[in-house]
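The residues making up each chain are set out below.
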Amino acid sequence: MVGQWGVAVNESSTRAVLAAFMANLGIAIVKFLAFLFTGAASMLAESIHSVADTGNQGLLALGGRSGRRPPTPEHPFGFGRERYFWAFLVAVVLFTLGSLFALFEGYQKLRHPHRIESPGWAFGALGVAIALESWSLRTAVREADKVRAGQSWWGFIRRSKSPELPVVLLEDVGALLGLACALIGVSLAVVTGQSRFDAIGSVAIGLLLGVIAVTLGTEMRSLLIGEAASRAEVAAIRAALLDGISVRRLIHLRTLQLGPDELLVGAKVELDPVLSLVEVARVIDEAEGRVRASVPAARVIYLEPDLWRSGAPVEPASDPDA
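Residues numbered from 1 in each chain as written. Predicted model: local features only at pLDDT ≥ 70, side-chain atom pairs only at ≥ 80, totals over all residues. Heavy atoms only, no water.

Colleague: I'd like to hear about the overall build of the protein chain, residue by residue, with values.
Modeller: Looking only at helices and strands, one finds nine helices and three strands in the protein chain. Counting from the amino terminus, helix and strand elements in the protein chain follow one another as α-α-α-α-α-α-α-α-β-β-α-β. For a compact globule of 322 residues, the expected C-alpha radius of gyration is about 20 Å, and the protein chain comes in at 25 Å, more than 25% above that figure. If one aligns the C-alpha atoms of the protein chain with their principal axes, the spans along those axes are about 90 × 35 × 35 Å. Across the 322 residues that make up the protein chain, the buried fraction comes to 49%. The contacts in the protein chain between residues at least 6 apart in sequence include a share of 76% that link residues at least 24 apart. Carbon and sulfur atoms make up 66% of the accessible area of the protein chain, which totals about 15200 Å². The averaged location of the 31 negative side-chain charges in the protein chain is 3 Å from the averaged location of its 30 positive side-chain charges. (Helix = DSSP H or I, 4+ residues; strand = E, 2+ residues; numbered from the N terminus. Rg over C-alpha atoms; globule rule 2.2 N^0.38 Å. Buried < 20%, exposed > 50% of the residue type's maximum accessible area, 1.4 Å probe, protein only. Contact = heavy atoms within 4.5 Å. Areas by Shrake-Rupley, 256 points an atom, 1.4 Å probe, with all protein chains shown as cover. Lys, Arg positive; Asp, Glu negative; His and termini not counted. Charge placed at Lys NZ, Arg CZ, Asp CG, Glu CD.)

The following block contains the structure:
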């Protein structure tokens, strides 16, 4: 059974993704209308950015649904990592449709400047977009605050095992910075009469999206390859295993994030040598129960009784987040 922590994260992620989807859909429509009336390169770049963001929220929702399917004989550990796959795909889409397109559009407009027409449309669209994007970011921040447990924002983005909230947070922050670039570019182009400022705004948006896409891709790649549990969870698992009076040493401990809500725990423990086979089985069952009570996400546990040999290393306190 998924622990209350996992349920809270899933609910927060769903609300944040839904808010971002609605905001980005409305923004994409407004920006594209503004582009049709103004011909501004930065507005077209921002339109494609918002279309990509809308599709990204759909991919995150699809990943969240697919990743919660029950295990099958072909996938005995479930489909939790599918959520990481879709989040990684979001980073790829953000880079290709967002960053590369904005850079290309800016380059084209630098070579062939185009005078901005009806700038009021551009300013109006940017104002609406900033309002909607701010609402989306506010929702994401509020939902992330429920689960980030005192971590810094950068620490939460780097160490969160649930991909949706960090993706939405980075997308929303990037969108607001991109809107600021577009607003500055269009304003300078209108004031000076030099449309190249608009093109420079598009290039700035492209570079910004590229940085965000690479950051997201790096984090999701790490989760796809397989990360250990968080520092706090590893400490809790160690304490739970050593809490039994018949457990003398923890020789070896490894954890693996099977998905945002599920951990695999493998450990070798030295037990009291006077225990019978029946008593060993009972002690192992009790140890597994303590681990699950302490860390509900630890749903797949393999404990192996072993003998510690003099001079052999004992499992050190691990620090997967260092």
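Right, picking up where we left off after that structure.
Colleague: So, the nonpolar core: which residues are in play, and what are the values?
Modeller: Residues Met43, Leu60, Val168 and Leu216 are the most contacted members of the largest nonpolar core, which totals 49 residues. Beyond its immediate stretch of four places on either side in the chain, Leu216 contacts Ala91, Leu94, Pro166, Val167 and Leu170. Core analysis: the next-biggest nonpolar cluster, separate from the first, contains 24 residues, Ile237, Leu241, Leu250 and Leu271 among them. (Core = buried A, V, L, I, M, F, W, Y, C linked by side-chain atoms within 4.5 Å.)

Colleague: Outline the pattern of salt bridges, supporting the account with residue identities and numerical values.
Modeller: Considering all chains together, one arrives at 12 salt bridges under this definition. Here Glu143 and Lys146 are joined by a salt bridge, their closest N and O atoms 3.3 Å apart. Sharing partners across several salt bridges, the network here consists of Arg83, Glu164 and Asp261. (Salt bridge = Lys/Arg side-chain N within 4 Å of Asp/Glu carboxyl O.)

Colleague: Outline the pairing of strand 3 (residues 298-305), listing residues and values.
Modeller: Here strand 2 (residues 262-271) pairs with strand 3 via seven bridges, running parallel. Paired with Val269 across the two strands is Pro305, which belongs to strand 3. Running through helix 9 (residues 277-294), the crossover from strand 2 to the neighbouring parallel element strand 3 is right-handed. (Pairing = 2+ DSSP bridges. Right-handed = clockwise from strand over helix to strand, strands pointing away.)

Colleague: Would you mind going over the side chain of Lys161 in detail, with residue names and values included?
Modeller: Inspection of the secondary structure puts Lys161 in the loop between helix 5 (153-159) and helix 6 (164-192). A polar contact of 3.1 Å, which involves the side chain of Lys161, links it to the backbone oxygen of Ala228. With near-sequence residues (within four places) excluded, Lys161 lies in contact with Tyr84, Leu223, Glu227, Ala228, Ala229, Ser230, Gln257 and Pro260. (Polar contact = N/O pair within 3.5 Å; in protein donor to acceptor, adjacent residues only side chain to side chain.)

Colleague: I'd love a proper account of the side chain of Ser246, names of residues and values included.
Modeller: By secondary structure assignment, the location of Ser246 is in the loop between helix 8 (231-242) and strand 1 (247-259). On the accessibility criterion, Ser246 (14% relative accessible area) is buried. Residues contacting Ser246, with those up to four places away along its chain left out, are Glu270, Leu271, Asp272, Leu275 and Val283.

Colleague: Break down the environment of Met220 for me, with residues and values.
Modeller: By the element assignment, Met220 lies in helix 7 (residues 196-225). Between the C-alpha atoms of Met220 and Glu279, which are 59 residues apart in sequence, the distance is 43 Å.

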